[in-house]
Structures are given as structure tokens and as C-alpha cells.
Amino acid sequence: MSEKPKYHALKVDAEKCFGCTHCMQICPTEAIRIVNGIAVIDDERCVDCGNCLRACPVDAFYVVHDELDQIESYKYRVVLFPSVFIGQFSEIYSEGRIYEALLKLGFTHIFEVEQPVEWLIESVKESRKEVKEGPLISSFCPAVVRLIQCKYPSLAGNISPRKAPHDLAAHFAIQQLKKQGAAENEIGIFYVSPCSAKMAAVNQPVAERESIVTGIINMKDLYNRIMKLIPAKEYTDTSDFRKYLSREGILWSLPRGESSWFRKKSMAIDGIHNVVKFLERLENDEVPEFDFLELKSCNQGCAGGILLTGNRFLTVERLQKRAAGYPRASQVNTGGFDKEAIKRRLITEKIKPKPVFVLDENRTRALEKMQKINNILCQLPGIDCGGCGAPNCHALAEDIVQGKGRMTDCVFLQKKYVKEQKLKSEKAYKNLEKIWGEKRFEADCNKKGGRNEGF
Amino acid sequence: MALELTFNIAGGDFSNAGKASSQIKKVLKQLNIDAKSIKRIVVAVYEAEVNVAAHAWEGEVKAIVDENEILIVVSDRGPGIENIKQAMQPGFSTASKEVREMGFGAGMGLSNIEKNTDELHIESQVGEGTTVTFRCYYS
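Residues numbered from 1 in each chain as written. Chains lettered and ligands numbered in written order. Predicted model: local features only at pLDDT ≥ 70, side-chain atom pairs only at ≥ 80, totals over all residues. Heavy atoms only, no water.

### Considerations on the overall build of chain A
And step 1. A tally of helices and strands in chain A yields 18 helices and 11 strands.
And step 2. Based on the C-alpha atoms only, the size of chain A along its principal axes is roughly 80 × 50 × 40 Å.
And step 3. Per-residue burial for chain A yields a buried fraction of 56% across its 455 residues.
And step 4. Summed over all atoms, the accessible surface of chain A reaches about 21,200 Å², with 49% contributed by carbon and sulfur.
And step 5. When the 68 positive and 60 negative side-chain charges of chain A are each reduced to one mean point, those points stand 2 Å apart. (Helix = DSSP H or I, 4+ residues; strand = E, 2+ residues; numbered from the N terminus. Buried < 20%, exposed > 50% of the residue type's maximum accessible area, 1.4 Å probe, protein only. Areas by Shrake-Rupley, 256 points an atom, 1.4 Å probe, with all protein chains shown as cover. Lys, Arg positive; Asp, Glu negative; His and termini not counted. Charge placed at Lys NZ, Arg CZ, Asp CG, Glu CD.)

Pasting the structure below:
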């Protein structure tokens, strides 16, 4: 119990949210319930994948981030961003112009996080032998790491105990600046995050004490600022900042970006629902043996990150073209730097399992609860309408045995109970108000809900 | 206090073999059973499911989940096993060429079940069917 509560970057704006259930239905860990007309996220279950934000028709989800003006307090202002940041801009903006706009914003040093990526590649490959049984699973995507910890605890030991590219780049940047005579307290490192999961992970690293980053910037926010500042042509040569960037680095966060250099028997999966299906099979031992698995929560990897602008496929396309113009990671000359010192810092403790779906620590009580759930399910309609404020009938049944819900939350059962005169219609109405909010039955043109994509 | 789960399996339906083991796994995870025991049980049930799909006409998996153990009864209507002792030998298989080409029928099914369970009992009537009963204690 001494552990800090799980930090999440995703929050719900109670003013905008009207409990439309889109987020609740899509959440891969059934972490959302509607209470008093608003989506409420269960902190233990949430893995920060951001699918709720993506599904919300009224932009009620937002991510907590730091303000850009805090960079002013540092002499050396380093911006770290993943390569997908460049990929989201239209091709008419050269990378040089984007870099120049970043300098205009006040940053003094610019680092794409995937450099010098050869060191991380070596380190991840070395971690293979630290996993005794089954595949090595990449620790790159923090939503996947958290998903495994809470839903597939038996696989937690398979996650590579290595840090992410942003840690690599942060340590590299610090080493480089110190060489130039900078003192550590003069350096401010600002990480531009493509998603809520990275934000949460950078703020609260899974297996470390504290984060190396000074501040976290929302990528969407930065994109908008850059678009305002971007110069018409390149005036300064910024190519020095990209000296250690490689093909593998640029492609790292895209599908197959890791499995392609790991080689051996490796496979890449993107999309959290695809990842869930595969992990179920992996846990059952129903898949062939793999040396390495790259699992990414967003479709098209980080190109599909929730804080990116533009179409994910276009981003992939641009990055692939861009990567072709860069050398291989092994050809990048990193002479003069202390590689071993940084490699030591890339190692983390083993990832610990944190199961949250256990019904009860006590097996007898868990079994009783399981039986009750099955009995309750016989009474529920099985249409998973979400009218009770839970994502499906099964989730409501679980909530009921855990004391977080009641049979009368079900809109079907309410009708039945009223007809059988077990429940007064006034009481039934009040019940619905508890879930959906007091003014729920009033006419309100703002709560139209969403439609299928394409409409 | 025990929880009973039942699943039907159709002969030849390899694509659905694995449903019972998968469902049983989900229940055991929620009951806070240790991962090692779950793995043993899931592997044993999966092998039994594949056996029904590969050899029998139809069958049923029944799981009785208790506080300290799980009892699985897999019964099928099918050709039966002529020589159970021989069938238990690792590598012995009567699977058809088609089944082998699908990647099943390597003759490890029953021996793998035996390896992963604490008690195993097989009853069979040639031409009628087979009932495989096994028990696993959680560690």
C-alpha cells in the first residue's frame, strides 16, 4: 500500500462530458463507468491508451501537460520529440524549417528521441537473455506495459527491462551539453508526447524512481505553435542536430519499427484490441515460439498517437520516405561519447505484475462472487446497451457483486420490477437520474451523441 | 461451493478448439489462482479440446472449479481408443493425414495432459466414445 497512486494524464472535463457512453464501450480494460451523467475513469484499470479521447464526440477528454513558458527558467532548453512529430507535417514543410521554428520558439537544442538508437538496439538485444521463458516483449509502448501488468500479469516478466528512446535521448543530450560546459541545473529537458500513455509513463516511469524529463509538452499544442512560426524558407543550417539520427530511429515508433532490427523470430502488432487478442493466445500457449514481440497500442504505431494531427497513414508514408535519406544506425559515428555510461542507465528493474481483475484476494469469496455473477447474468438482458452506466451486462454483474452497482441500475430490470410492482416508478426515475445526471430528462440540444464514422 | 462451466465442441472444428480453455483461464485469473497452475490447466484443457476436434464427432468439456482444485471432464461421442496404454505413449498417434497437415496430431496430446495434471483417468468404449477426466490442484 506504500506505492504511489497510479498517475494518469487523461482527465474528463465535467463541463463537456454528457455521458454518451462512446468511451465506455471502447475502453479495452472496461475502466469507465457513467456516474451522475459523467464518464468516470477507474485509476487502477486505466492503462492510458487514449481510446476514450479518440472516441469522444464532444472532446470532453483532455491530457494534463506542462506549459511551454516554463522553459525560460533554463539556460539550455532542450526539446525532445519522437520522429512522428516531423511526419505529421505536410511535405511542403522541410524538416529544416520545422527545426527552425522550434529554435524560434525558444529552444536552444533539438533532439529527436531516437538517437543514437544503435545503443538502445544493442541494449534491448542484450535483454533477450534476461527473459528465461517465452518471448521478449518490447517495453516501448507504455499503454501495452500497463495493460500487461494489470490484465496479463503472468507475462510481466517477459517485458524487456529497458527504458524508452526518450530516456536514451535525454541522457545523450545531458552528456553532450555537459561536455560543452553546461551544469546539470542549467539544463531543462522538455519531452513532446504523442499520446497520453507516454505522458503518464514519463511522469511516472513504471520501474524507476523519478523521471529524467523536466516538463512534458502536448504534441498537438506544439504543432499549432509551429504552424504559426514556421519560416518561409530555411535561413539557418540545423542539420547538426540530426547528426546522430538514423533510418531505424525514424521508423522506430511505426509498426515493425522494432521487430525489423531485432530480426530472428519476431513479430509486430499494432492496435490495442489486436494486442489484447494476441496476449490472450500467448498466455494460453497457443502461439508458436517468438524471440521478440513488438506491441503498440495505437493503430499504425505512434503515427496514430492521440496527440498527433493529420492522417496516420500519411504520417507513416512521409516518415518512410524521410528514413530512406538517413544512414543505418550502425553507420552513425558516435565517437567521443561514453556509450557504456548511457547504456547502464537504460537498464530498469524488472516490470512487476499488478493484477486488478481479481474478484477477491480470498479464493473462497472470489468463487462465491463468481457464482453470484453467473446468477445475476441470467437476469440481465445481455444486450450490452450501457443503460446502467457500465459497458456491458457482464461488467454490471461484476460491479454488483463488488458493491458498486445494483440490479435496479439495469433499465430492463427496472421496467420489469415496476410492472411486478416491486419498484415504484418514481424510484426507478430517481435511479436513472443517479446514473445519468439530474437534468438528463430535460430537452438539451447539446447531447446529440455521435454517429458512425463517415456520417 | 463449486462453479460449473460447460462447453460443447464439434468434431473437426479446430478453429473453435481453445474456447473452453480460454474461458476457464479467464475464470481462474479472476479467482486469483497462481499463474503456473493456470498455465498447466489451460494447456491440459486445450489438448483435450483438440483431441475431440481431431478424433471425435462431438464432445463436451465440463469444468468444476473448486477452491483448491479444478476437475475437468471431457466426454465425446467418437471412435474411442482401442489401446489406452499405447495412446498415452508420447508420439503415438492415430490422427489422419489431414489433421497432421493442420499441425495437430503429433501424438503428444494425452501425454501432455498427463504431464500437466495431478490425476488423470481415461475411459473408452470403441465405437462409442471416450471420457477423459483430470484434476489439478492449485499450488
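### With respect to the sheet that holds strand 1 (residues 3–10) of chain B
Residues and elements named next belong to chain B.
And step 1. Spatial strand order, 1-2-3-5-4: five strands in an open sheet with antiparallel pairing. What marks the edges here is a single partner per strand, and that holds for strand 1 and strand 4 (119–125). When strand polarity is set aside, the average angle formed by the axes of neighbouring strands in this sheet is 10°.
And step 2. Here eight bridges tie strand 1 to strand 2 (residues 58–65), and the two strands are oriented antiparallel to one another. When the sheet's bridge partners are listed, L3 is paired in strand 2 with V65. (Pairing = 2+ DSSP bridges. Axes fitted to C-alpha atoms, helices over the stretch in contact; angles between N-to-C directions.)

### A word on the pattern of salt bridges
Opposite charge on two side chains allows them to pair when their charged atoms are near.
Residue and element names in this part refer to chain A.
And step 1. What the rule picks out here adds up to 33 salt bridges over all chains.
And step 2. The partner of K296 in a salt bridge is E294, and the shortest N-O contact between them spans 2.9 Å. Here K296 matches E294 in class, with each residue buried.
And step 3. Residues participating in the shared-partner salt-bridge network are E95, E112, R242 and R322. (Salt bridge = Lys/Arg side-chain N within 4 Å of Asp/Glu carboxyl O.)

### Observations regarding the interface of chain A and chain B
And step 1. On the chain B side, the residues contacting the 24 residues of chain A number 25 residues.
And step 2. Here chain A meets chain B over a buried area of about 2,100 Å², counting both sides, of which 52% is carbon and sulfur.
And step 3. Applying the counting criterion to the chain A and chain B interface returns four salt bridges.
And step 4. The salt bridge partner of E283 of chain A is K29 of chain B, with a shortest N-O separation of 3.1 Å. (Contact = heavy atoms within 4.5 Å. Buried area = accessible area lost by both parts, 1.4 Å probe.)

### Overview of the environment of G188 of chain A
And step 1. Mapped onto the secondary structure, G188 of chain A falls in strand 8 (residues 187–193).
And step 2. With residues near it in sequence (within four places) discarded, G188 of chain A still touches Y74, Y76, R77, V78 and T214 of chain A.

### Points about the environment of E69 of chain B
All names here are of chain B.
And step 1. Considering the arrangement of structural elements, one finds E69 in strand 3 (residues 69–77).
And step 2. Along the sequence, E69 and E47 sit 22 residues apart, while their C-alpha atoms lie 19 Å from each other.
And step 3. With residues near it in sequence (within four places) discarded, E69 still touches I64, R135, C136, Y137 and Y138.
And step 4. Here R135 takes part through its side chain, which lies 2.5 Å from a polar atom of the side chain of E69. (Polar contact = N/O pair within 3.5 Å; in protein donor to acceptor, adjacent residues only side chain to side chain.)

### Side note on the pairing of strand 10 (residues 266–270) of chain A
And step 1. Judged from the five bridges that link them, strand 10 of chain A and strand 11 (residues 292–296) of chain A form a sheet pairing that is parallel. Bridge pairing in strand 11 of chain A links I269 of chain A to L295 of chain A.

### Describing the sheet that holds strand 11 of chain A
And step 1. Across the sheet, which stays open at both edges, the three strands sit in the order 7-11-10 (chain A) with parallel pairing between neighbours. In the strand order of this sheet, the two ends are held by strand 7 (136–137) and strand 10 of chain A, each with one partner.

### Concerning the confidence of the model for chain B
Caution is warranted with low-pLDDT regions, since their predicted coordinates should not be read in detail.
And step 1. Per-residue confidence for chain B gives a mean pLDDT of 91, with 100% of residues at or over 70.
And step 2. Among the prediction metrics, the complex's ipTM stands at 0.83, with pTM recorded as 0.91. (pLDDT = per-residue confidence, 0-100.)

### Considerations on the packing of aromatic side chains
Residues and elements named next belong to chain A.
And step 1. Summed over the entire model, instances satisfying the criterion amount to 19 aromatic pairs over all chains.
And step 2. Where Y244 meets F337, the ring centres are 5.7 Å apart and the plane angle is 90°; that geometry is what we call edge-to-face. Residue Y244 is found in the loop between helix 9 (219–229) and helix 10 (247–251), and its partner F337 is found in the loop between helix 13 (312–324) and helix 14 (339–345); the two are separated by 93 residues along the sequence.
And step 3. Where W261 meets F262, the ring centres are 6.2 Å apart and the plane angle is 50°; that geometry is what we call tilted.
And step 4. Each member of the aromatic cluster is reached from another via a ring pair, and the members are F81, F85, F89, Y93, Y99, Y223 and F241.
And step 5. For K198, the ring lying beneath its charged end belongs to F140, and the centroid distance is 4.0 Å.
And step 6. Between R242 and the ring centre of Y99, over which it is positioned, the NZ or CZ distance is 4.3 Å. (Phe/Tyr/Trp six-rings, centres within 6.5 Å; stacked < 30°, edge-to-face > 60°. Lys NZ or Arg CZ within 6 Å of the ring centre and 35° of its normal.)

### Points about helix 9 of chain A
Residues and elements named next belong to chain A.
And step 1. Residues of helix 9 that are buried: M219, L222, Y223 and I226. Angular distribution of buried residues about the axis of helix 9 spans 105°; they occupy a single face of the element.
And step 2. Looking at the buried positions of helix 9, the neighbouring elements they touch are helix 3 (84–87), helix 4 (95–104), strand 8 and strand 9 (215–218).
And step 3. Taking the backbone nitrogen of K220 as reference, a side-chain oxygen 2.8 Å away marks N218 as the first, capping residue of helix 9. (Arc of directions from axis to C-beta.)

### Concerning helix 5 (residues 109–116) of chain B
Residues and elements named next belong to chain B.
And step 1. Counted residue by residue, helix 5 has six buried out of eight residues, so it is predominantly covered.
And step 2. Residues of helix 5 that are buried include every one of G109, L110, S111, N112, I113 and N116, and no others.
And step 3. Elements that come into contact with the buried residues of helix 5 comprise helix 2 (35–55), helix 3 (84–88), strand 4 and strand 5 (129–137).

### Digging into the state of the cysteines
And step 1. Here the structure, examined in full by the defined rule, presents zero disulfides over all chains.
And step 2. C388 of chain A supplies the cysteine sulfur nearest to C385 of chain A, a cysteine that is in no disulfide, at a spacing of 6.3 Å. (Disulfide = S-S within 2.5 Å.)

### Some words on the side chain of H109 of chain A
Residue and element names in this part refer to chain A.
And step 1. Inspection of the secondary structure puts H109 in strand 6 (residues 109–112).
And step 2. Classification of H109 as buried rests on a relative accessible area of 15%.
And step 3. Leave out the neighbours within four places in its chain, and H109 touches Y76, R77, V78, V79, L177, Q180 and F241.

### Digging into the environment of G12 of chain B
And step 1. Counting through the fold element by element, G12 of chain B comes out in the loop between strand 1 and helix 1 (19–30).
And step 2. If sequence neighbours within four positions are ignored, G12 of chain B has contacts with A53 and A56 of chain B.

### Observations regarding the pairing of strand 2 of chain B
Residues and elements named next belong to chain B.
And step 1. In strand 2, alternate side chains face the same way, and those of G59, V61, A63 and V65 are buried while those of E58, E60, K62 and I64 on the opposite face are not.
And step 2. When strand 2 meets strand 3, the two strands line up antiparallel, connected through eight bridges. Within the sheet, the bridge partner assigned to V65 lies in strand 3 and is I70.
And step 3. Connecting strand 2 to the next strand, strand 3, in antiparallel fashion are three residues.

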